[in-house]
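Here is how the chains run, residue by residue.
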Amino acid sequence: MKIGFALGGGAVRGLAHIGVLKVLKKYQIPIHFIAGTSMGGAIGGLVAAGIDIEEIEAFILNTPSYRMVDLGILKSGIFRGNKIYRLLIDFLSQKGLGDIRIEDLQIPFRTVAVDLIKGERFVFDKGNLSLAIRATTSVPGIFSPVYYQDKVLVDGGLLNNLPADLAREAGMDIVIAVDVEREHEEHAPRNIFDVIYRSYMIMMTEQRRANLKYANIVFRPEVGHILAFDIGKIRDCMEAGEREAEQKIQEVLALLD
């Protein structure tokens, strides 16, 4: 029986995926396929490359927050994102995986971006893993887009923020989705980042909800109260993922029985 995972986007909230995957590892749940968008694509890609989930957790928790962003007002994004890219490459390089390609990963992997030229979804199913992760995490207006071949790529959450459909299309018997987005809140945005991200989330909510039909089980860590770019809540997100997975692990085991 093949088990596929769909890891949704949600910026910092997406770090709840780490907690979920730690619990699934503890219960020896196999992973045969991973599809991810935005932070889900970043975490999923590292796991697909064979990096242990505890190592990913330690890397993120031990990285000072100032190393995660590259502040500067540019034409196409508030943050350049180059430091995040550099950190990712360095981390992969430490594992001897600096130039690894998606088609060579230990676990089949897909991540989603959006091409601003054609206005279409673009799925990375081959090519450099670091580049693919950089593209899927390039939130419009926050991080600069990625120029790849004849495409201008941004965060795939615009058109597919929870790619459970890709796991089903890959022939998985069971699809487990991890939804880390918050539902719409009827109050004024708190700051400019909240304005951008709230607008962005309204656009993609319907597609995210529609994709849930492809999942057998949906994990929803309680991270909706955490702002998208609140890097002070990283540990809280991870712990929320662990709690949710522990609460629903029996559902997973029942499907495998």
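Located above this text is the structure these notes cover.
Just so you know, these numbers come straight off a predicted model, no measurement behind them.

Chemist: I would appreciate a short explanation of the overall build of the protein chain in the present structure.
Modeler: A count of helices and strands for the protein chain gives 8 helices and 10 strands. Residue burial in the protein chain is summarised as follows: out of 257 residues, 55% are buried. Taking as baseline every contact in the protein chain between residues at least 6 positions apart, the subset at least 24 positions apart corresponds to 76%. On the protein chain, roughly 11600 Å² of surface is accessible, and the fraction owed to carbon and sulfur atoms is 51%.

Chemist: Would you take a moment to explain the layout of surface pockets for this structure?
Modeler: Unfilled space is identified by rolling a water-sized probe across the atoms. As a volume, the second largest pocket reaches approximately 230 Å³. In this structure, the second largest pocket is lined by Leu21, Lys25, Ile29, Ile31, Val47, Gly50, Ile51, Asp52, Ile53, Gln106 and Ile107. A breakdown of the residues in the lining of the second largest pocket according to their chemical character gives 7 nonpolar, 2 polar and 2 charged.

Chemist: What's the story with the packing of aromatic side chains in this structure? I'm lost.
Modeler: Aromatic ring pairs: the centre-centre distance and the angle between the two ring planes describe each pair. Counted according to the given criterion, the structure contains 4 aromatic pairs. Ring centres of Phe59 and Phe91 lie 4.0 Å apart, and the angle between their planes is 10 degrees; on these two criteria the pair is classed as stacked. Here the residue Phe59 occupies a position in helix α3 (residues 53-61), and Phe91 occupies one in helix α4 (residues 82-94), the gap between them amounting to 32 residues. The class of Phe91 is buried, set by a relative accessible area of 4%. The interplanar angle of 90 degrees and the centroid separation of 4.9 Å between the aromatic rings of Phe122 and Phe124 together place this pair among those described as edge-to-face. Each member of the pair, Phe122 as well as Phe124, carries the same accessibility label: buried.

Chemist: I tried to follow the pattern of salt bridges on my own but got confused; where do I start?
Modeler: When charged atoms on two side chains of opposite charge get close, those side chains can pair. Evaluated as defined, the whole model comprises 13 salt bridges. Of the charged contacts in the structure, one is a salt bridge between Lys25 and Asp52, with a shortest N-O distance of 2.5 Å. With Lys25 in helix α1 (residues 16-26) and Asp52 in the loop between α2 (39-48) and α3, this residue pair connects regions lying 27 residues apart in the sequence. Salt bridges sharing common partners tie together Lys22, Glu57 and Glu242.

Chemist: Would you explain the side chain of Thr63 in this entry?
Modeler: Along the chain, Thr63 falls in the loop between α3 and β3 (77-79). Given the relative accessible area of 10%, Thr63 is considered buried. In this structure the side chain of Thr63 is engaged in a polar contact, spanning 2.6 Å, whose partner is the backbone oxygen of Phe59.

Chemist: Would you mind going over the nonpolar core with me for this structure?
Modeler: If you look at soluble globular proteins, the nonpolar side chains tend to sit buried side by side. Grouped together as the largest cluster of nonpolar side chains are 59 residues, with contacts concentrated most on Leu15, Ile43, Ile56, Ile60, Phe124, Leu129 and Phe219. Per-element accounting of this core gives the leading share, 7 residues, to helix α8 (residues 234-256). In this view, Phe219 contacts Val20, Leu24, Ile176, Ala177, Val178, Asp179, Glu244, Ala245, Lys248 and Val252; residues no more than four positions away in its chain are not counted. Residues Ala167, Leu212, Ala215 and Val218 belong to the second largest nonpolar core, which totals 14 residues.

Chemist: Is there a simple way to think about the environment of Leu105 in this case?
Modeler: Relative to the helices and strands, Leu105 resides in the loop between α4 and β4 (109-115). With 21 residues separating them along the chain, Leu105 and Lys126 place their C-alpha atoms 9.8 Å apart. In this view, Leu105 contacts Ala48, Ala49, Ile100 and Leu129; residues no more than four positions away in its chain are not counted.

Chemist: What should I look at first to understand the side chain of Glu181 in this one?
Modeler: Following the sequence through the fold, Glu181 ends up in the loop between β9 (174-178) and α7 (192-211). Owing to a relative accessible area of 9%, Glu181 belongs among the buried residues under this scheme. Of note is the side chain of Glu181, whose polar atom sits 2.8 Å from the side chain of Arg13.

Chemist: Can you help me understand the pairing of β9 in this one?
Modeler: Consecutive side chains of a regular strand alternate in pointing toward one face of the sheet and then the other. Burial runs high along β9: 5 of the 5 residues are buried. Side chains of β9 alternate between two faces, with Ile174, Ile176 and Val178 and Val175 and Ala177 buried alike. Taken together, the 5 bridges between strand β1 (residues 3-7) and β9 define a ladder with parallel strand orientation. Residue Phe5 lies in a different strand from β9, and its bridge partner there is Ile176. As defined by bridge partners, β9 adjoins strand β10 (residues 217-219) across 3 bridges and the pair is classed as parallel. When the bridges of β10 are listed, Val178 appears paired with Phe219.

Conventions adopted
- Residue numbers run consecutively from 1 along every chain, following the written order of its sequence.
- Totals for whole chains, interfaces and linings use every residue, but because this is a predicted model, local features are given only for residues with pLDDT of at least 70 and side-chain atom pairs only at 80 or more, for both listing and counting.
- To obtain the side-chain values, all non-hydrogen atoms of the structure were included, while hydrogens and water were left out.
- In this text, helices come from DSSP runs of H or I with a minimum length of four residues, and strands from runs of E with a minimum of two, each type numbered from the N-terminal end.
- Only protein chains enter the accessibility calculation, which uses a 1.4 Å probe; a residue whose area is less than 20% of its type maximum is buried, one above 50% is exposed, and one in between is partly exposed.
- Should any heavy atoms of two residues lie within 4.5 Å, those residues are considered in contact.
- Note on areas: Shrake-Rupley with a 1.4 Å probe; residue coverage comes only from the protein chains shown.
- The distinction between a cavity and a pocket rests on a 1 Å grid over the protein atoms alone: a 1.4 Å probe fits inside a cavity but cannot get out, while a pocket stays open yet meets protein on both sides within 12 Å along at least five of seven lines, and a residue with an atom within 4 Å of a point counts as lining.
- Grid points are joined across faces, edges and corners, and a volume is the space filled by probe spheres set on the points.
- Gly falls in the polar group here, along with every residue not listed as nonpolar (Ala, Val, Leu, Ile, Met, Phe, Trp, Tyr, Cys, Pro) or charged (Asp, Glu, Lys, Arg).
- For Phe, Tyr and Trp, rings pair up if their centres lie within 6.5 Å, where Trp contributes its six-membered ring, and each pair is then called stacked (planes under 30 degrees apart), edge-to-face (over 60) or tilted (otherwise).
- Criterion for a salt bridge: a side-chain nitrogen of Lys or Arg within 4 Å of a carboxyl oxygen of Asp or Glu.
- In protein, a polar contact requires one atom able to donate a hydrogen and another able to accept it; more generally it is a pair of N or O atoms within 3.5 Å, and residues adjacent in sequence count only if both atoms are side-chain atoms.
- By convention a nonpolar core is built from buried Ala, Val, Leu, Ile, Met, Phe, Trp, Tyr and Cys residues, the set being connected through side-chain atoms within 4.5 Å.
- Note: two strands are recorded as paired if DSSP finds a minimum of 2 bridges between them.

Just distances and angles here, no functional claims.
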